[in-house]
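In case you want the letters, here they are:
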Amino acid sequence: MKKNGFRKLAAVVATVITIATTSQLGVTAAWKQDSKGWWNTEGNAYSTGWKNINGNWYNFGSDGYMKTGWAKDNGTWYYLQSSGAMKTGWMKDNAAWYFLQPSGAMKTGWAKDNGTWYFLQPSGAMKTGWAKDNGVWYYLQSSGEMKTGWAKDNGIWYYLQSSGAMKTGWIKDGESWYYLQSSGAMKTGWVNDNGTWYFTNSSGVMQSGVIEVDGKVYTLSSTGAMQTGNIVIDGLTYTFEKSGAAIGDKIPTPVLKFTASGDLVNKETFQESIDTQYKADTQFTLNDYNTEGNIKPVLNFTPGTENVIIDGQDCIVTKDLYVSLNGKDAYVDGNLESGYTVTGTGTVEVNVSISVLNTETGKLYYVASTPITFEK
């Protein structure tokens, strides 16, 4: 830099140089460049510290040269782009994401962006996976977004509360109770909670009523607690020893049979599971097309896609209406509310289409359904 005839600006106190107190340069400022880099002139002076030039903040060293990359000022980190302009918002550097606040200051700890929470490590790098903050565990997805609700990590299910904090102990989700161990891992099989035994299936759902586990019959109260002693079931008295197993000549009939790990014995196949679960959705009625001039089906579902858990596995379920003409895809016009018209003549077949993609196995299944046909 050619410094002859130049002097440093002294518009701010040298010991306290902050963005908030630095004024914007006037219109007489001009950019200069040499083999070492860029600097900014204003009359007979060159800029140092923070300067706002045409709405962008820049940081200049004591020698006047514009800084790029990471810059630490008064203990706070900032990032200057290749143009020298201070960066705000998300920024990726060496495979790590950082969040720069509107002031440009690098954020650490929790940051909320567009309604979503993220966690920035002391280095400023965005955290993914498990993070412990003030003794509480949180789970950050691959995008960095704080997870709430159920999360599966390395094949184990966890539950994150609305605050993002990992849950332990009992939790009710929908109509079912689940037990999360001190590690947060969802428990299956037998659960001992403060000396009381409970049983959860392979999906983590707490059981009640009469069940069989590894060949022995137990009875669980409506709260899920294993019962012992003489218990009246459907008007008959049965005896259960201290281990909870039924003994004597009279043994109640179990509703369900499990292995000790919570798996159903003689469990139906995955196809049978989805056929049973979505059987009601395959039922639909149809108006008289030839009388009304269009198809007006009454469905038990709203067409669309949803993410669900079936038999403990992540699945994507897609529900829709399918119309064919003479065995081929029909050209239809209209919508579900006002009805559909079919172009052409022949045999029209109307059916619901329910597909289930098991994202863990990659297999696609279809729920069996019965079509309605008519001649047009």
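Everything quoted here is computed from the prediction, not taken from an experiment. (Residues numbered from 1 in each chain as written. Predicted model: local features only at pLDDT ≥ 70, side-chain atom pairs only at ≥ 80, totals over all residues. Heavy atoms only, no water.)

Engineer: Just to check I follow, could you spell out the sheet that holds strand β25 (residues 246-247) for this structure?
Structural biologist: Through backbone hydrogen bonds, the strands of a sheet pair up, either in parallel or in antiparallel fashion. Pairing is antiparallel in the open sheet, where three strands are placed in the order β23-β24-β25. Of all the strands in the sheet, the pair left with one neighbour each is β23 (229-233) and β25. Pairing between β23 and strand β24 (residues 236-240): five bridges, direction antiparallel. In the sheet register, Ile233 faces β24, and the bridge partner there is Leu236. (Pairing = 2+ DSSP bridges. Helix = DSSP H or I, 4+ residues; strand = E, 2+ residues; numbered from the N terminus.)

Engineer: Explanation requested: the packing of aromatic side chains in the structure shown.
Structural biologist: Tallied over the entire structure, the rule returns 27 aromatic pairs. With 5.0 Å between their ring centres and 65 degrees between their planes, Trp170 and Tyr179 make a pair best called edge-to-face. Each ring, one from Trp190 and one from Tyr218, has its centre 4.9 Å from the other, and the planes form 70 degrees; the classification is edge-to-face. Taken together, the residues span a long stretch of sequence, with Trp190 in strand β19 (residues 189-193) and Tyr218 in strand β22 (residues 216-220) at a distance of 28 residues. (Phe/Tyr/Trp six-rings, centres within 6.5 Å; stacked < 30°, edge-to-face > 60°.)

Engineer: Before we go on, may I ask you to explain the UniProt feature "repeat: Cell wall-binding" (unreviewed entry) in the protein chain in this structure?
Structural biologist: Per the UniProt record, the feature "repeat: Cell wall-binding" (unreviewed entry) sits at residues 47-66, 67-86, 107-126, 127-146, 147-166, 167-186 and 187-206. For residues 67-86, helix accounts for 0% and strand for 50%, while the C-alpha atoms at its two ends are 10 Å apart. What you have in residues 127-146 is 0% helix and 50% strand, and the ends, taken at the C-alpha atoms, are 10 Å apart. (UniProt positions renumbered as here; feature names shortened; annotations may be inferred.)

Engineer: What exactly am I supposed to notice about the domain arrangement of the protein chain here?
Structural biologist: Interfaces are frequently sized by the accessible area removed from exposure as the parts join. Along its sequence, the protein chain is carved into domain 1 (29-87), domain 2 (189-258) and domain 3 (270-375). Using C-alpha coordinates to define each centre, domain 2 is positioned 41 Å away from domain 3. (Domains from an automatic or database assignment.)

Engineer: Just to check I follow, could you spell out the pairing of strand β7 (residues 69-73) for this structure?
Structural biologist: Put simply, side chains in a regular strand alternate between the two faces of the sheet. Here β7 pairs with strand β8 (residues 76-80) via five bridges, running antiparallel. The residue of β8 that forms the bridge with Lys72 is Trp77. Counting the residues between successive antiparallel strands, the hairpin from β7 to β8 contains two residues, one of them, Asn74, with a positive phi of roughly 50 degrees.

Engineer: Explanation requested: the sheet that holds strand β26 (residues 256-258) in the structure shown.
Structural biologist: On the basis of which strands lie adjacent, the open sheet formed by three strands has the order β22-β21-β26 and mixed pairing. Strands with a single pairing partner mark the edges of an open sheet, and in this sheet they are β22 and β26. Each strand of the sheet is rotated relative to its neighbour by a mean of 30 degrees, with strand direction disregarded. Of the pairings in the sheet, the one linking strand β21 (residues 209-213) to β26 comprises three bridges and is parallel in character. (Axes fitted to C-alpha atoms, helices over the stretch in contact; angles between N-to-C directions.)

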